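# Structural overview
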Amino acid sequence: MMRDDLIEIAYLVAAFCFILGLRWLSSPRTARKGNLVAAVGMLIAIVATLVDGRVVGYTWIAIAAFVGGSIGALVARRVQMTAMPQLVALLNGLGGGAAALIAVSEYHVAGAAGEERLGAVLAVSVMFSAIVGSISFAGSLVAFGKLQELLPGRPITWPAQKLLNGLGAVVVLGLAAYASFNINDPLLWLAAVLALLLGVSAVLPIGGADMPVVIAFLNACTGLAAAATGFALGNSLLIIAGVLVGASGTLLTQLMSKAMNRSVANVLFGAFGGGGGSSSGVSASGEALPVLEISASDLAAQLVYARRVMIVPGYGLAVAQAQHPVRELADLLIERGVSVAFAIHPVAGRMPGHMNVLLAEADVPYDQLLEMEEANPDFPQTDIVLVIGANDVVNPAARDDENSPLYGMPILEVDNAENVIVFKRSMASGFAGVENMLFHDPKTRMLFGDARKSLTQLVQDVQAV
Amino acid sequence: MSLITELVILVLAAWVGIEVISKVPQMLHTPLMSGTNAIHGVVIVGAILVLGAAAGGTVETICGIVAVAFGAANVVGGFVVTDRMLQMFRRRPEPPKENQG
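Residues numbered from 1 in each chain as written. Chains lettered and ligands numbered in written order. Predicted model: local features only at pLDDT ≥ 70, side-chain atom pairs only at ≥ 80, totals over all residues. Heavy atoms only, no water.

### Quick notes on the pairing of strand S5 (residues 419–424) of chain A
Residues and elements named next belong to chain A.
- The buried count for S5 comes to five of six residues, which makes it a mostly enclosed element.
- Relative to S5, strand S4 (residues 384–388) runs parallel, the two being bridged by five bridges. Looking at S5, one finds that isoleucine 388 is bridged to phenylalanine 423.
- Sheet analysis places S5 next to strand S6 (residues 444–448), joined by five bridges and oriented parallel. What sits directly across from valine 422, in S6, is methionine 446. (Buried < 20%, exposed > 50% of the residue type's maximum accessible area, 1.4 Å probe, protein only. Helix = DSSP H or I, 4+ residues; strand = E, 2+ residues; numbered from the N terminus. Pairing = 2+ DSSP bridges.)

### Quick notes on the interface of chain B and chain A
- Every contact between the two is made by 80 residues of chain B and, on the other side, 105 residues of chain A.
- Between chain B and chain A lies a buried interface of about 8,300 Å² when both sides are counted; carbon and sulfur atoms form 75% of it.
- Linking chain B to chain A there are two salt bridges.
- Notably, a salt bridge pairs Asp363(A) with Arg90(B), separated by 3.1 Å at the nearest N-O pair.
- The interface formed by chain B and chain A includes 19 residue pairs in polar contact (both at pLDDT 80 or more).
- Elements represented by at least two residues in the side of chain B that touches chain A include exactly helix H1 (3–21), helix H2 (29–40), helix H3 (43–53) and helix H4 (58–86) of chain B. (Contact = heavy atoms within 4.5 Å. Buried area = accessible area lost by both parts, 1.4 Å probe. Salt bridge = Lys/Arg side-chain N within 4 Å of Asp/Glu carboxyl O. Polar contact = N/O pair within 3.5 Å; in protein donor to acceptor, adjacent residues only side chain to side chain.)

### Here we look at a nonpolar patch on the surface
All names here are of chain A.
- Taken together, the side chains of Trp60, Ile63, Phe66, Val67, Ile71, Leu74 and Val75 present a nonpolar region at the surface, about 680 Å² in accessible area.
- Structurally, the position occupied by isoleucine 63 is in helix H3 (residues 59–78).
- Residue classification places isoleucine 63 among the partly exposed positions, given a relative accessible area of 42%. (Patch = residues over 30% accessible without salt bridge, like charges linked within 9 Å, V, L, I, M, F, W, Y side chains within 5 Å. Areas by Shrake-Rupley, 256 points an atom, 1.4 Å probe, with all protein chains shown as cover.)

### A word on the confidence of the model for chain B
- On average, chain B scores 89 in pLDDT, and the residues at 70 or more come to 89%.
- Both confidence scores are given for the complex: pTM 0.89, ipTM 0.91. (pLDDT = per-residue confidence, 0-100.)

### Side note on the sheet that holds strand S3 (residues 369–371) of chain A
Residues and elements named next belong to chain A.
- Taken in spatial order, the six strands of this open sheet run S3-S2-S1-S4-S5-S6, and their pairing is parallel. With partners counted over all chains shown, the strands left at the sheet margins are S3 and S6, one partner each. When the angles between neighbouring strand axes are averaged without regard to direction, this sheet yields 25°.
- Across the sheet, helix H17 (residues 451–464) touches S4, S5 and S6, and the angle it forms with S5 is around 130°. (Axes fitted to C-alpha atoms, helices over the stretch in contact; angles between N-to-C directions.)

### Here we look at the environment of Asp461(A)
Residues and elements named next belong to chain A.
- Along the chain, aspartate 461 falls in helix H17.
- In this structure the C-alpha to C-alpha distance between aspartate 461 and alanine 31, which are 430 residues apart in sequence, comes to 38 Å.
- Excluding its chain neighbours within four sequence positions, the residues that come into contact with aspartate 461 are Ala296, Ser297 and Ala300.

### Points about the confidence of the model for chain A
All names here are of chain A.
- Scored by pLDDT, chain A comes out at a mean of 89, with 94% of its residues at no less than 70.
- In the model of chain A, helix H10 (residues 264–269) stands out as the element of lowest mean pLDDT, 80, in contrast to helix H2 (residues 31–50), which has the highest, 96.
- The low-confidence segment residues 273–286, where pLDDT is below 50, has 17 contacts with residues more than four positions distant or belonging to other chains.

### Quick word on the domain arrangement of chain A
Residue and element names in this part refer to chain A.
- On domain assignment, one finds that chain A holds domain 1 (3–269) and domain 2 (296–464).
- When each unit is reduced to the centre of its C-alpha atoms, the spacing between domain 1 and domain 2 is 36 Å.
- On the domain 2 side, the residues contacting the 18 residues of domain 1 number 18 residues.
- In this assembly, domain 1 packs against domain 2 so that about 1,500 Å² is buried in total across both faces, 75% of it on carbon and sulfur atoms.
- Among the residues of domain 1 in contact with domain 2, Met81, Thr82 and Ala259 are the three that bury the most area, contributing 32% of the side total.
- Counting every contact that joins domain 1 to domain 2 gives one residue pair in polar contact (both at pLDDT 80 or more).
- For the side of domain 1 that touches domain 2, the secondary structure elements donating two or more residues are helix H4 (84–112), helix H8 (211–233) and helix H9 (236–259). (Domains from an automatic or database assignment.)

### Thoughts on the packing of aromatic side chains
- Throughout the structure, instances matching the rule amount to one aromatic pair over all chains.
- Ring centres of Phe137(A) and Phe70(B) lie 5.8 Å apart, and the angle between their planes is 20°; this geometry places the pair in the stacked category. Of the two residues, Phe137(A) is situated in helix H5 (residues 120–147) and Phe70(B) in helix H4; the pairing between them involves two chains.
- Between Lys33(A) and the ring centre of Trp24(A), over which it is positioned, the NZ or CZ distance is 4.5 Å. (Phe/Tyr/Trp six-rings, centres within 6.5 Å; stacked < 30°, edge-to-face > 60°. Lys NZ or Arg CZ within 6 Å of the ring centre and 35° of its normal.)

### Re the pairing of strand S2 (residues 339–344) of chain A
Residue and element names in this part refer to chain A.
- Where burial is concerned, most of S2 is hidden: five out of the six residues are buried.
- Examined bridge by bridge, strand S1 (residues 308–313) and S2 share four bridges and lie parallel to one another. Residue pairing for S2: arginine 308 is matched across the bridge by serine 339.
- As defined by bridge partners, S2 adjoins S3 across three bridges and the pair is classed as parallel. Its bridge partner being in S3, phenylalanine 342 is matched across the sheet by leucine 369.
- Read from S2 through helix H14 (residues 354–361) to S3, the crossover connection turns out right-handed. (Right-handed = clockwise from strand over helix to strand, strands pointing away.)

### Remarks on H8(A)
- Relative to the 33 Å expected for 23 residues at 1.5 Å per residue, H8(A) spans 33 Å between its end C-alpha atoms, a close match to the ideal helical length.
- Looking at the residues trailing H8(A), positive phi occurs at Gly234(A), about 65°. (Expected span 1.5 Å × (residues − 1).)

### Side note on the packing of helix H13 (residues 323–335) of chain A against H17(A)
Residue and element names in this part refer to chain A.
- Two elements in contact, H13 and H17, have axes separated by 9 Å at closest approach and are oriented at 20°. The angle between H13 and H17 falls in the class roughly parallel. Between H13 and H17 the crossing geometry is left-handed. For the pair formed by H13 and H17, the contact residues are Pro325, Val326, Glu328, Leu329, Leu332 and Leu333 on the first element and Arg452, Leu455, Thr456, Leu458, Val459, Val462 and Gln463 on the second. (Parallel < 35°, antiparallel > 145°, perpendicular 65-115°, else oblique. Left-handed = near helix turned anticlockwise from the far one by under 90°.)

Following this line, the structure appears as structure tokens:
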């Protein structure tokens, strides 16, 4: 079969392109080229599939691909960089949904061919992609809803939640096993619908702060569901690409939960965040703790005479749309001979690496962006740290206070620097709802107000010094 | 393809995936996620096989149409948005400092 061999070779080339594309993502210099190579690989794979002898009708394929592709392109061009987590969640859900639908269809085809039960490989792969694909689809949509603030970001819980979810999982698995031995479409549909509900009820109780982990986890799920469809269809490319994504999602999930010092299980089942914080700026004796303020003009004078300034951006910076003024400030200080860098915590932003993208969008050169491991040894030599819109990731309680819910989370140790300036709207607690003693540290000064306004003022004051 | 061959592919792909992806710096983790997102859009290949071979069956046709549309949105959206992000990553234009990536 000449044509089939050529298709297999095309799939091999496509797989090679995917791997090369990911390899080139290891440096910002080659990353864009890498993405292009992966896209070319995808094009090769799709063309090869279209000439497959089994594909006979093209009308519906053309229509569906055109509609889907146009919507995808439109949304991808329009989306704001701050909304990137939502988009990734949404696209992830679509992939999971597609995998589940393929499984449902394969099951139907087997039944229509007069089979009464699925072979072992087909059974496992079809059931896996139907269930995991459905969970990923529904879970991603809930994550999208939370991130887009269509749903409340706080954990939504109800009585016996874990028990019900556990029971649901058992029922779905039992149904899937039964359906494998007795092919009957409604059985699988029911299993898929239950899996959808499971996806919803699994993600609803997860707090907004944990969404980065959830998205990475669901990314891995969709990848594995795609790989399972590869087994069902006997398609090597689906297996390779699906597993690549599964590996990536798994690594990111581990990395994110490590950065929050929580186990993956704790994130997925812990219903953490929002409302956990008990004390609020009050000492053990019940008195309000002191908070020292600084004005923009005083800060400007200090900054100009500093040798090294480190900026710690948090998601609050992006919410205030303050990326551009902060870049202006950095440029001005660099012009004056101050050494400036940005220290980025792995969970700054709403998804892994989000803050880097937001700063890159504001034209901050990537060689000014330091990872946590690079930044921490630098703080003792740093004259001034500007903490802008970040809270939990600089909370020393994560290092010092065993009773804190944050305890053990790796933080940016800004309190090792000479001076700490915290830009904050008010004294409200952070995303995790935990009090931050850094704000009451004698070397800390607060600059209250909207981060964008404060930074714009600061830029003017620095220019005036 | 035999099951053993498929399992060999699975294990090797997982290994390559872990090796390659663990070298991606944190700075690029968002593009990594959206890029791998686009790559799992490869399910469109499966969706095309389902829909293209659907001999008029209602279930296959409906599932196939939706799956192809989902897959296409996933692929196109993923690659386009990743490209948009990556084109923003620039080095400092003036005096070249050492690269910390």
